[in-house]
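Tertiary structure, described
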Amino acid sequence: MTLSDLQKVCEKEHLPRFAAKQIARWLYVKRVTDIDEMTDLSKAARAALSANYTLGLEAPLRESISKDGTKKYLFRTRQGEYIESAYIPDGERATLCVSSQAGCRMGCRFCATARQGLQHSLSAGEIINQIFSIPDSERLTNLVFMGMGEPLDNTSNVLAAIEIITSSWGMAWSPTRITLSTAGVAKELEHFLNSTKVHLAVSLHNPFHEERAEIMPIEKAYPIREVTDILRRYDFTGQRRVSFEYIVMEGLNDSPKHIKELCRLLDGIKCRINLIRFHKIPDSPYFSPSDEKMTAFRDTLSAKGIQTTIRASRGEDIKAACGLLSTAEQNKENA
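To keep things clear, this report deals only with the structure shown in the data block. (Residues numbered from 1 in each chain as written. Predicted model: local features only at pLDDT ≥ 70, side-chain atom pairs only at ≥ 80, totals over all residues. Heavy atoms only, no water.)

Some remarks on the overall build of the protein
On a plain count of helices and strands, the protein comes out with 13 helices and 12 strands. In terms of overall dimensions, the protein is globule-like: its C-alpha atoms have a radius of gyration of 21 Å, near the 20 Å expected for 335 residues. Over its C-alpha atoms, taken along the principal directions, the protein stretches across nearly 70 × 45 × 40 Å. For the protein, with 335 residues in total, the buried portion stands at 53%. In the protein, the proportion of contacts linking residues at least 24 apart, taken out of those at least 6 apart, comes to 65%. Of the accessible surface of the protein, which amounts to about 15,600 Å², a share of 48% is contributed by carbon and sulfur atoms. Taking the 44 positively charged and 42 negatively charged side chains of the protein as two groups, their mean positions are separated by 3 Å. (Helix = DSSP H or I, 4+ residues; strand = E, 2+ residues; numbered from the N terminus. Rg over C-alpha atoms; globule rule 2.2 N^0.38 Å. Buried < 20%, exposed > 50% of the residue type's maximum accessible area, 1.4 Å probe, protein only. Contact = heavy atoms within 4.5 Å. Areas by Shrake-Rupley, 256 points an atom, 1.4 Å probe, with all protein chains shown as cover. Lys, Arg positive; Asp, Glu negative; His and termini not counted. Charge placed at Lys NZ, Arg CZ, Asp CG, Glu CD.)

Focus on helix α11 (residues 256–265)
An α-helix turns once every 3.6 residues. As a result, residues three or four positions apart point the same way. Every buried residue of α11 is listed here: His258, Ile259, Glu261, Leu262, Cys263 and Leu265. Residues of α11 that are buried sit in contact with α8 (209–215), α10 (224–231), β10 (242–248), β11 (272–277) and α12 (291–303).

Here we look at the state of the cysteines
Here the structure, examined in full by the defined rule, presents 0 disulfides. Residue Cys111 stays outside any disulfide, its sulfur separated by 6.3 Å from that of Cys108, the closest cysteine. Distance from the sulfur of Cys263, which forms no disulfide, to the nearest cysteine sulfur (Cys271) is 9.7 Å. (Disulfide = S-S within 2.5 Å.)

Focus: the packing of aromatic side chains
Across all of its chains, the model carries 4 aromatic pairs by this definition. Seen from their ring centres, Tyr28 and Trp169 are 6.3 Å apart, and the 55° between their planes marks the pair as tilted. Of this pair, Tyr28 sits in helix α2 (residues 19–28) while Trp169 sits in the loop between α6 (155–166) and β8 (178–182); the two residues are 141 residues apart in sequence, bridging distant segments of the chain. No difference in accessibility class separates Tyr28 from Trp169, as the two residues are buried. For the pair Phe278 and Tyr286, a centre-to-centre distance of 5.9 Å together with 85° between the ring planes defines the contact as edge-to-face. Accessibility assignment for this pair places Phe278 and Tyr286 in one class, buried. An aromatic cluster is present here, built from Tyr28, Phe132 and Trp169 joined pairwise through their rings. Taking the ring centre of Phe132 as reference, the NZ or CZ of Arg31 above it sits at 4.1 Å. For Lys280, the ring lying beneath its charged end belongs to Phe287, and the centroid distance is 4.2 Å. (Phe/Tyr/Trp six-rings, centres within 6.5 Å; stacked < 30°, edge-to-face > 60°. Lys NZ or Arg CZ within 6 Å of the ring centre and 35° of its normal.)

Let's talk about α10
Residues of α10 that are buried: Ile224, Val227, Thr228, Ile230 and Leu231. Along the axis of α10, the buried positions cluster into a sector of 155°, meaning they face one direction only. Residues of α10 that are buried in the fold lie against α7 (186–195), β9 (199–203), α8, α9 (218–221), β10 and α11. (Arc of directions from axis to C-beta.)

Here's the deal with the side chain of Thr196
As for its position among the elements, Thr196 is in the loop between α7 and β9. The contact partners of Thr196, leaving out residues within four places of it in the chain, are Leu159, Ile162 and Arg240.

Focus on the side chain of Ser181
Relative to the helices and strands, Ser181 is located in strand β8. If we ignore the near neighbours within four places in the chain, the residues touching Ser181 are Phe145, Met146, Glu150, Pro151, Ala201 and Ser203.

Section: the pairing of strand β7 (residues 142–145)
Alternating positions in β7 separate into two faces, Asn142 and Val144 on one and Leu143 and Phe145 on the other, with burial throughout. Sheet analysis places strand β4 (residues 93–97) next to β7, joined by 3 bridges and oriented parallel. The partner of Leu96 across the bridge, within β7, is Leu143. (Pairing = 2+ DSSP bridges.)

Some points on the sheet that holds β11
Across the sheet, 10 strands lie side by side as β1-β2-β3-β4-β7-β8-β9-β10-β11-β12; this open sheet has mixed pairing. Where the open sheet ends on each side, the last strands, each with one partner, are β1 (62–65) and β12 (307–310). Neighbour-to-neighbour, the strand axes of this sheet turn through a mean angle of 20°, independent of strand direction. Pairing analysis gives 4 bridges linking β11 to β12, with the strands arranged parallel. What sits directly across from Ile273, in β12, is Thr308. Sheet strands in contact with helix α5 (residues 124–132) are β2 (71–76), β3 (82–90), β4 and β7, and its direction is about 40° off that of β3. (Axes fitted to C-alpha atoms, helices over the stretch in contact; angles between N-to-C directions.)

Listed below in structure tokens is the structure:
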């Protein structure tokens, strides 16, 4: 719950309004595991809260560990579905890739999550639980909404979670420690940009309308040019950054004409392109280019003035890398 949600709880339970901040501190700073641990509330108040509310903490069902140190966690949702989160340690940096939905309805052809369709959107509590319930929770330095689901297809709950994470009464994280990735839900994009200061990553993958629509059906509803037109109205020269994620698929989106069109499409936007190797999923017709081709693609874009990097692949052996998260088999096992 956000602070305003907790204030409503206090009103309903006949607690003083200031008790909402006390409860928030116990939840998000002290991270108590039982309402009875909220010792600056009266016994009667704790009894009333315990009778009507739970903390919503659910430990992961399973942990998978990659040879590169990445960890993947399986959680069960309150509706009986499953989600996955990926913990990525990197020196002093530790990033958690959180899910915002069980499954996804965007239908991207290169993504394993999309193949299982959408089961349901997660509550703010189910999003926050992924942060609080992993063993390495206290080590986290960064958070990316790049797990299962489209965050801007669940905007209200994602924004509530971000409010909890970044508010002084909550976890008090800087917004610059958080990145949200979207396939480009234009109708929600401005609301997100106006409501938060977190970084934005746009899943681009092809600059041509017809070609992008073939691999990303969202292009038909929200063309990428509509997304870039919105972004040109915002300032990304300060602390907030925008990047474009580009999964490179050999012979599909890695030609000189794609580089030329990328430069045209992103002209006037201070941004970075993150190149990602395509991670093979079963029965997929796509392939990842060689390291040499990836490097040449990066260097050509960089030479044309767009900061471009190749994202290191992490957790591929446990299916925790980009595009590989899926609980379809788990759903079948428990059907």
